[in-house]
Amino acid sequence: MITFAIDERLSEAQMIRDIMTGIDPDGRHFAWNEAAAPLGVAESLRPDIVWVNAEMPGMDGFKLADRIRKASPETNLIFIADDPKHAVKAFAVHASGFVLKPVTEEKIRDEVADLRHPAFTWPGSNLLRVQCFGNFEVFSRSGIVRFSRALSKEAFAYLIDRRGAGCTVSEICSVLWEDRQTDKNLKSQCRVIMAALRKDLAAVGAEEVLVKNWNSWSVDTNRVRCDFYDYLKAGPSESFRGEYMAQYSWAEMTTGVLFDLAEKRETP
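The model shown is predicted, which means the values in this text are computed figures rather than measured ones.

1. Overview of the overall build of the protein chain
Next, step 1: Counting secondary structure elements, the protein chain contains 10 helices and 11 strands.
Next, step 2: Taking the principal axes of the C-alpha coordinates as reference, the protein chain spans close to 70 × 45 × 30 Å.
Next, step 3: By the burial criterion, 49% of the 268 residues in the protein chain qualify as buried.
Next, step 4: A fraction of 61% describes how many contacts in the protein chain between residues 6 or more apart in sequence connect residues 24 or more apart.
Next, step 5: Summing over all exposed atoms, the protein chain offers an accessible surface of approximately 13,300 Å²; the carbon and sulfur share of this is 49%.
Next, step 6: Distance between charge centroids for the protein chain: 5 Å, based on 34 positive and 39 negative side chains.

Next up, the structure:
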């Protein structure tokens, strides 16, 4: 899981972070005592749980939580407060939970066991978590995957978009270099890019996701958890909010397909 703990008292946020680390040692858990930092990374990290003090000074916990929800609709928001009167407002805004201080490990565990939105887990066969909605990002168990070349990341995005279908070197070239004619030199460059991609995935223990056949490349879709794939399997409608691999122009065709699908799901 990825979790945020936000409290004006940093020690309180750190305590929640440490409890979550004990509950989920393979997850990524963060603690802050102000709003700017978590807001800046909420959309890219899409946290599973945000623990937020309802009585934060400046931007109170409810305003902060509302902005986090807009960036990451499936995040579980759990409010923390000294005064029980905040519980009514917390559940009025459809929070996942409410914790009355003092915070204890037992209270944290109780909330984790009863989340509104199931937290992401890493089934044994899934080596990567792939985010297609918004900007394209890839996560391993140890965090965000850093690609050595921007084109390697783009090539992987295209293979994800193809959902396991084989892609020839010529096809990948036409995507990565739209304004150039595919020739021997360009194919050679593409092979360098794909070799770098394989190395990047191997560095996070996910080399098996990339499948090389004698004349094509593809991804093993059974080895990734992907919001795009989940949505195609009739996932929650709020997971697609109009953006798909926003940094890549070639993804516009799939974006159109997703808009059509969303419209059909909204039609009674």
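Moving on, there is more to tell.
2. Observations regarding the sheet that holds strand β1 (residues 2-6)
Strand pairing in a sheet relies on backbone hydrogen bonds. The paired strands run either parallel or antiparallel.
Next, step 1: If you walk across this open sheet you meet the 5 strands as β2-β1-β3-β4-β5, and the pairing is parallel. Each having just a single partner strand, β2 (28-32) and β5 (97-100) make up the two edges of the open sheet. Averaged over all pairs of adjacent strands, the angle between strand axes in this sheet comes to 15°, irrespective of strand direction.
Next, step 2: Here 4 bridges tie β1 to strand β3 (residues 49-53), and the two strands are oriented parallel to one another. In the sheet register, alanine 5 faces β3, and the bridge partner there is tryptophan 51.

3. Some details on the nonpolar core
Next, step 1: Ranked by internal contacts, the top residues of the largest apolar core, which has 46 residues, are Phe136, Phe156, Ile160 and Met245.
Next, step 2: At the level of secondary structure, the elements contributing two or more residues to this core comprise β6 (128-131), α6 (150-161), α7 (169-176), α8 (184-203), β10 (217-219), β11 (224-226), α9 (227-232) and α10 (252-266).
Next, step 3: Residues in contact with phenylalanine 156, not counting those within four places in the same chain, are Leu128, Phe136, Val138, Phe147, Leu197, Leu201, Val209 and Val219.
Next, step 4: Within the second largest apolar cluster, 24 residues are counted, among which are Ala42, Val52, Leu64 and Ala90.

4. Looking at α10
Next, step 1: An ideal rise of 1.5 Å per residue puts 21 Å on 15 residues; α10 measures up with 21 Å between its terminal C-alpha atoms.
Next, step 2: Within α10 the residues assigned to the buried category are Thr254, Thr255, Leu258 and Ala262. End-on, the buried residues of α10 take up no more than an arc of 105°, which puts them together on one face. For α10, exposure combined with an orientation more than 90 degrees from the buried face picks out Glu252, Met253, Glu263 and Lys264.
Next, step 3: Contact partners of the buried residues in α10: α6 and α9.

5. What to know about the state of the cysteines
Next, step 1: Summed over all chains, the structure comprises 0 disulfides.
Next, step 2: Here cysteine 190 stays unpaired: no disulfide links it, and the sulfur of cysteine 173, its closest cysteine neighbor, is 4.0 Å away.

6. Observations regarding the side chain of histidine 29
Next, step 1: You can see histidine 29 is positioned in strand β2.
Next, step 2: One polar contact links histidine 29 to threonine 3, side chain to side chain, over a distance of 2.6 Å.
Next, step 3: Of the polar contacts made by the side chain of histidine 29, one reaches the backbone oxygen of methionine 20; its length is 3.5 Å.
Next, step 4: Contact partners of histidine 29, with chain neighbours within four places excluded, come to Met1, Thr3, Arg17, Met20, Thr21 and Asp24.

Rules used in this analysis
- Residues numbered from 1 in each chain as written.
- Predicted model: local features only at pLDDT ≥ 70, side-chain atom pairs only at ≥ 80, totals over all residues.
- Heavy atoms only, no water.
- Helix = DSSP H or I, 4+ residues; strand = E, 2+ residues; numbered from the N terminus.
- Buried < 20%, exposed > 50% of the residue type's maximum accessible area, 1.4 Å probe, protein only.
- Contact = heavy atoms within 4.5 Å.
- Areas by Shrake-Rupley, 256 points an atom, 1.4 Å probe, with all protein chains shown as cover.
- Lys, Arg positive; Asp, Glu negative; His and termini not counted.
- Charge placed at Lys NZ, Arg CZ, Asp CG, Glu CD.
- Pairing = 2+ DSSP bridges.
- Axes fitted to C-alpha atoms, helices over the stretch in contact; angles between N-to-C directions.
- Core = buried A, V, L, I, M, F, W, Y, C linked by side-chain atoms within 4.5 Å.
- Expected span 1.5 Å × (residues − 1).
- Arc of directions from axis to C-beta.
- Disulfide = S-S within 2.5 Å.
- Polar contact = N/O pair within 3.5 Å; in protein donor to acceptor, adjacent residues only side chain to side chain.

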